[in-house]
Amino acid sequence: MLAVSYAKINLFLEVTGKLPNNYHRVNTVLCSIDLCDFIHYLPNSSGTIDFTCSIQELNGHSNLVYRVAAYLKNRFHVAEGISIHLDKRIPIAAGLGGGSSNAANCMLALNEIWRLGLTKIEQHAIASQFGSDINFFLEGGTALGENRGEQITLMETIILKNILLVNPHIAIPSSAAYKLINLPSLKPPNLQTFNPSNLQGACFNRLEAGIRKAYPEVDALIKGIHDFGAEVAMLSGSGSTCFGLFKDQDTLQACKQAFTDKDYWTFETATIPAAKPILK
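Note that this is a predicted model, so its numbers are computed, not measured.

A.B. asks: Describe in detail the overall build of the protein chain, supporting the description with residues and values.
C.D. replies: Scanning the protein chain from terminus to terminus reveals 9 helices and 11 strands. Relative to a compact globule of 280 residues, whose C-alpha radius of gyration would be 19 Å, the protein chain shows 19 Å and is just as compact. Overall, the protein chain is about 55 × 45 × 35 Å in size when its C-alpha atoms are taken along their principal axes. Counting across all 280 residues of the protein chain, residues that qualify as buried make up 54%. For the protein chain, long-range pairs separated by at least 24 residues make up 73% of all intrachain contacts whose partners lie at least 6 apart in sequence. Entry remark: accessible area of the protein chain is about 12,800 Å², with carbon and sulfur atoms responsible for 51%. Here the protein chain carries 23 positive and 24 negative side-chain charges, and the mean point of each set is 6 Å from the other.

If you want it as structure tokens, here you go:
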């Protein structure tokens, strides 16, 4: 079985405080984009889980894909084994949700392959044990994420084209990004003002200011995207990937070429509605 594991961007991310479990409480608007990893699943009779990845450092039992597979196998006493190969295209620790997307994809695929019969409620309950963004990727499309991000409310799909992703080859762990916020000073904007028809006024990322101060490369990158004429230039999630929303292809391509020439990772993308992840 071949499956597609899509990335995301955050058009809005506000931090409203801390939860008793020490996670940050957030309100965030997430959108699936057509950047994706590919995951191959092949049942085997060995009874074991064999996980490999195209990026060597992501191999091993600490990978979320392996951890989700092992959890499902042990909890539901699955005798059958599975070989999983992750073909990684989404940058790592880059604010695009690649690891969470892979974990959600694994749950959806193994629910089908191993005929587990998990309901949506059961899937979401399991997902919330492994991370905050995994619940979004069980649904995809456009959604509001609340609490620590695992409480998902589907929204009308926001269709955007001419999106340019740029990554300066910096990995920013989410934990480091959230430590840069001065919680007592927060005066959060009202999420209800988020208006997809006025993205210039609606897009916002509370993590951006701290990261731009701590990582000058990110600050220069956002300024550069804006200077090339992007209507919106901002950080996605906890970074380090930044994105620009452009009116036209010519402006986007000029910006893309400039950052490609600097040896930055670039990718032209668009938002997508919820999509079935299984290809064949």
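Don't stop here, the text continues.
A.B. asks: Could you give me a rundown of helix H9 (residues 249-261), with the residues and numbers involved?
C.D. replies: Look at H9: 18 Å from first C-alpha to last across 13 residues, which is about the 18 Å you get at 1.5 Å a residue. Considered for burial, the residues of H9 that qualify are Leu252, Cys255 and Phe259. Viewed end-on, H9 has its buried residues packed into an arc of 70 degrees, placing them on one side of the element. Facing away from the buried surface of H9 by more than 90 degrees, the exposed residues are Asp250 and Asp261.

A.B. asks: Summarise the packing of helix H1 (residues 64-75) against helix H2 (residues 98-113); cite the residues concerned and give the values.
C.D. replies: Remark: H1 packs on H2, axes separated minimally by 8 Å, with the N-to-C direction vectors making an angle of 30 degrees. For the element pair H1 / H2, the angle class is roughly parallel. Relative to H2, the crossing made by H1 is right-handed. The segment H1 lies against H2, with Leu64, Val65, Val68, Ala69 and Leu72 engaging Gly99, Ser100, Asn102, Ala103, Cys106, Met107 and Leu110. Partitioning the contact of H1 with H2 into residue classes produces 9 nonpolar, 3 polar and no charged.

A.B. asks: Mind laying out the side chain of Thr266, listing which residues take part and the relevant values?
C.D. replies: Here Thr266 shows up in strand E11 (residues 265-269). Residue Thr266 is classed as buried on the basis of its relative accessible area of 15%. There is a polar contact of 3.1 Å between the side chain of Thr266 and the side chain of Thr260. Beyond its immediate chain neighbours, meaning those up to four positions away, Thr266 contacts Leu164, Leu165, Val166, Lys256, Phe259 and Thr260.

A.B. asks: Could you give an account of the packing of aromatic side chains, with specific residues and numbers?
C.D. replies: To describe a pair of aromatic rings, you give the distance between the ring centres and the angle between the ring planes. Under the criterion given, the structure shown has 5 aromatic pairs. Plain terms: the ring middles of Phe12 and Phe204 are 5.9 Å apart, the flat faces sit at 45 degrees to each other, and that makes the pair tilted. In this pair, Phe12 sits in strand E1 (residues 2-18) while Phe204 sits in strand E8 (residues 204-205), placing the two residues 192 residues apart along the sequence. For Phe204, a relative accessible area of 26% translates into the label partly exposed. Ring geometry for Phe259 and Tyr264: centres 5.7 Å apart, planes at 20 degrees, overall stacked. A residue is classified by how much of its surface remains accessible, and Phe259, at 4% relative accessible area, is buried. Of the residues examined, Tyr264 reaches a relative accessible area of 21% and is grouped as partly exposed.

Cut-offs used in this document
Residues numbered from 1 in each chain as written. Predicted model: local features only at pLDDT ≥ 70, side-chain atom pairs only at ≥ 80, totals over all residues. Heavy atoms only, no water. Helix = DSSP H or I, 4+ residues; strand = E, 2+ residues; numbered from the N terminus. Rg over C-alpha atoms; globule rule 2.2 N^0.38 Å. Buried < 20%, exposed > 50% of the residue type's maximum accessible area, 1.4 Å probe, protein only. Contact = heavy atoms within 4.5 Å. Areas by Shrake-Rupley, 256 points an atom, 1.4 Å probe, with all protein chains shown as cover. Lys, Arg positive; Asp, Glu negative; His and termini not counted. Charge placed at Lys NZ, Arg CZ, Asp CG, Glu CD. Expected span 1.5 Å × (residues − 1). Arc of directions from axis to C-beta. Axes fitted to C-alpha atoms, helices over the stretch in contact; angles between N-to-C directions. Parallel < 35°, antiparallel > 145°, perpendicular 65-115°, else oblique. Left-handed = near helix turned anticlockwise from the far one by under 90°. Nonpolar A, V, L, I, M, F, W, Y, C, P; charged D, E, K, R; others polar. Polar contact = N/O pair within 3.5 Å; in protein donor to acceptor, adjacent residues only side chain to side chain. Phe/Tyr/Trp six-rings, centres within 6.5 Å; stacked < 30°, edge-to-face > 60°.

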